[in-house]
Amino acid sequence: MYHNNSIRILTGNSHPELAQAVAERLNVPLVPCTVKKFSNGEINLKISESVRDEDVFIIQSGASDVNDNLMELLILISACKTASARRITAVIPCFPYARMDRKDRSRAPITAKLVANMLTVAGCDHVITMDLHASQIQGFFDIPVDNLWSEPLMLAYIKRQIEGYKNGIIVSPDAGGAKRTTAIADKLGVDFALIHRKRCGKGVDAPEQMEILVGDVKDKVAILVDDMIDTGKTLTLAAKTLREKGARSVHALVSHGLFSEANMSLIEQLPIEQLVVTNTIPQKQHQTQCSKLVTVDISPILAESIRRTHNGESISLLFGEWAETGTASVV
């Protein structure tokens with residue numbers, strides 16, 4: 001029997017393995033939930049247990065079928081709201097439409113703001129996410145948002161798995177990641193480098209190349225850090241540039257491995273030792289296609305954030321040493 005206001009965890013079809021791992025760490029069973037589609041594509045949802053007066057956490061990531069997964073999440077939130085859940089927290093490891101966070105050209109939509117409004121209107125009371133593409137997205141919400149960091153997990157991985165990191169250099173593939181890169185470099189006590197991508201000629205079809213604006217990578221272990229990999233073009237250009245500039249070896253650490261248009265066989269052939277991503281998005285299929293792909297498990301951080309949120313405790317520890325000491329595991 002469940003007592004009132006206990007933790008109830010639900011999930012859709014985006015990443016059931018991650019939801020199961022979180023539930024096992026909390027020793028809480030997943031609420032039986034069936035998410036199917038009608039023949040015309042409409043989503044049909046059934047929650048098989050009561051969530052009345054409970055503290056509900058819905059784990060749903062913006063994985064490959066991002067629109068279906070977002071709609072599943074909104075329907076799950078609405079269903080729990082109308083079923084009288086006391087509080088509904090959306091745990092979104094990879095926030096959908098996070099790259100559309102500003103109006104960078106005429107008539108461009110700010111879709112991340114639209115998603116924030118949709119979550120709130122559906123009945124969401126709190127959002128937990130990880131490594132937002134742009135931190136200002138937190139300001140799009142009128143409800144609490146906790147943006148967890150994968151940085152402590154990446155630091156732990158570097159210290160334990162990358163040989164010679166003390167003679168390394170942390171590299172950002174663009175100016176937007178400079179703040180992230182310098183923070184990691186400072187904590188490791190190593191140098192950092194900044195790469196600039198430019199077109200060789202005019203027009204959108206002109207070939208691109210990268211040049212190192214800051215830092216010297218010659219004879220060093222280059223650790224490339226980014227928040228997202230989708231097509232793999234940035235990684236390809238950066239890895240080749242670093243080796244051409246004399247880097248002893250190249251490792252890539254990325255928070256969200258989307259790989260929606262990436263050719264995994266080409267990534268396998270890149271001059272990198274490892275490509276490390278978190279499991280905010282399912283990676284099993286990609287791992288079978290690329291032996292260099294390594295996945296870091298984020299379920300300990302998500303489970304602890306859920307436990308602390310439920311008990312009304314601070315989660316500030318999850319941004320520092322707690323996440324770095326002993327919680328990171330490679331899957």
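The model shown is predicted, which means the values in this text are computed figures rather than measured ones.

(A) Spotlight on the overall build of the protein chain. Each helix and strand counted, the protein chain has 10 helices and 15 strands in total. Taking 20 Å as the expected radius of gyration for a compact globule of 331 residues, we find that the protein chain reaches 21 Å, a close match to that expectation. Here the protein chain, with 331 residues, has 51% of them falling under the buried criterion. For the protein chain, restricting intrachain contacts to residue pairs at least 6 apart in sequence, the fraction spanning at least 24 positions comes to 63%. If you sum the accessible surface of the protein chain, you get close to 15600 Å²; carbon and sulfur atoms cover 48% of it. Charge separation in the protein chain, taken as the distance between the mean sites of 36 positive and 38 negative side-chain charges, equals 3 Å.

(B) Quick peek at the sheet that holds strand 6 (residues 126-130). As summarised here, the arrangement of the 5 strands in space is 1-4-5-6-7, forming an open sheet in which the pairing is parallel. Strand pairing shows two members of the sheet lacking a second neighbour, strand 1 (7-11) and strand 7 (145-148), which therefore form its edges. Here the average twist between neighbouring strands, direction ignored, is 20°. Inspection of the sheet shows strand 1 paired to strand 4 (residues 55-59) by 5 bridges, in the parallel sense. If you follow Ile-9 over to strand 4, its bridge partner there is Phe-57. Contacting strand 1, strand 4, strand 5 (87-92), strand 6 and strand 7, helix 9 (residues 299-311) runs over the sheet at an angle of about 160° to strand 4.

(C) Fine view of the packing of helix 4 (residues 151-161) against helix 5 (residues 178-188). The contact between helix 4 and helix 5 brings their axes to 11 Å, and the two run at 45°. Between helix 4 and helix 5, the angle falls in the class oblique. The crossing of helix 4 and helix 5 is right-handed. Counting all contacts with helix 4, which are made through Glu-151, Leu-155, Ile-158 and Lys-159, the residues of helix 5 involved are Ala-183, Ile-184, Lys-187 and Leu-188. Of the residues that constitute the contact of helix 4 with helix 5, the class distribution is 5 nonpolar, no polar and 3 charged.

(D) Representation of a nonpolar patch on the surface in the model. Taken together, the side chains of Phe-192, Leu-213 and Val-214 define a hydrophobic patch exposed on the protein surface, amounting to about 240 Å² of accessible area. Within the element layout of this structure, Phe-192 appears in strand 9 (residues 191-199).

(E) Geometry of the UniProt feature "domain: Ribose-phosphate pyrophosphokinase N-terminal" (unreviewed entry) in the protein chain. In the UniProt entry, the feature "domain: Ribose-phosphate pyrophosphokinase N-terminal" (unreviewed entry) is given for residues 7-123. End C-alpha to end C-alpha, residues 7-123 measures 18 Å, and it is 34% helix and 22% strand.

(F) Layout of the domain arrangement of the protein chain. The domains assigned to the protein chain are domain 1 (7-148 + 298-319) and domain 2 (151-197 + 207-296). Taking only C-alpha atoms, the centre of domain 1 and the centre of domain 2 are 28 Å apart. Taken together, the 16 residues of domain 1 in the interface contact 14 residues of domain 2. Of the roughly 1300 Å² buried between domain 1 and domain 2, counting both surfaces, carbon and sulfur atoms make up 59%. Contact with domain 2 buries surface across domain 1, with Arg-99, Asp-131 and Ile-298 losing the most and accounting together for 37% of the total. Applying the counting criterion to the domain 1 and domain 2 interface returns 1 salt bridge. The tally of links from domain 1 across to domain 2 stands at 8 residue pairs in polar contact (both at pLDDT 80 or more). Residues belonging to the side of domain 1 that touches domain 2 are distributed by class as follows: 9 nonpolar, 5 polar and 2 charged.

(G) The pairing of strand 5, seen in detail. In terms of burial, strand 5 is a largely internal element, 5 of the 6 residues being buried. As defined by bridge partners, strand 4 adjoins strand 5 across 5 bridges and the pair is classed as parallel. Each bridged residue has a counterpart across the sheet, and for Val-56 the counterpart in strand 5 is Ile-88. Since strand 4 and strand 5 lie parallel, the crossover through helix 2 (residues 66-82) that links them has a hand, and here it is right-handed. Bridging between strand 5 and strand 6 involves 4 bridges; their strand directions are parallel. Looking across to strand 6, one finds that Ile-92 is bridged to Thr-129.

Quick notes on the rules
Residues numbered from 1 in each chain as written. Predicted model: local features only at pLDDT ≥ 70, side-chain atom pairs only at ≥ 80, totals over all residues. Heavy atoms only, no water. Helix = DSSP H or I, 4+ residues; strand = E, 2+ residues; numbered from the N terminus. Rg over C-alpha atoms; globule rule 2.2 N^0.38 Å. Buried < 20%, exposed > 50% of the residue type's maximum accessible area, 1.4 Å probe, protein only. Contact = heavy atoms within 4.5 Å. Areas by Shrake-Rupley, 256 points an atom, 1.4 Å probe, with all protein chains shown as cover. Lys, Arg positive; Asp, Glu negative; His and termini not counted. Charge placed at Lys NZ, Arg CZ, Asp CG, Glu CD. Pairing = 2+ DSSP bridges. Axes fitted to C-alpha atoms, helices over the stretch in contact; angles between N-to-C directions. Parallel < 35°, antiparallel > 145°, perpendicular 65-115°, else oblique. Left-handed = near helix turned anticlockwise from the far one by under 90°. Nonpolar A, V, L, I, M, F, W, Y, C, P; charged D, E, K, R; others polar. Patch = residues over 30% accessible without salt bridge, like charges linked within 9 Å, V, L, I, M, F, W, Y side chains within 5 Å. Salt bridge = Lys/Arg side-chain N within 4 Å of Asp/Glu carboxyl O. UniProt positions renumbered as here; feature names shortened; annotations may be inferred. Domains from an automatic or database assignment. Buried area = accessible area lost by both parts, 1.4 Å probe. Polar contact = N/O pair within 3.5 Å; in protein donor to acceptor, adjacent residues only side chain to side chain. Right-handed = clockwise from strand over helix to strand, strands pointing away.

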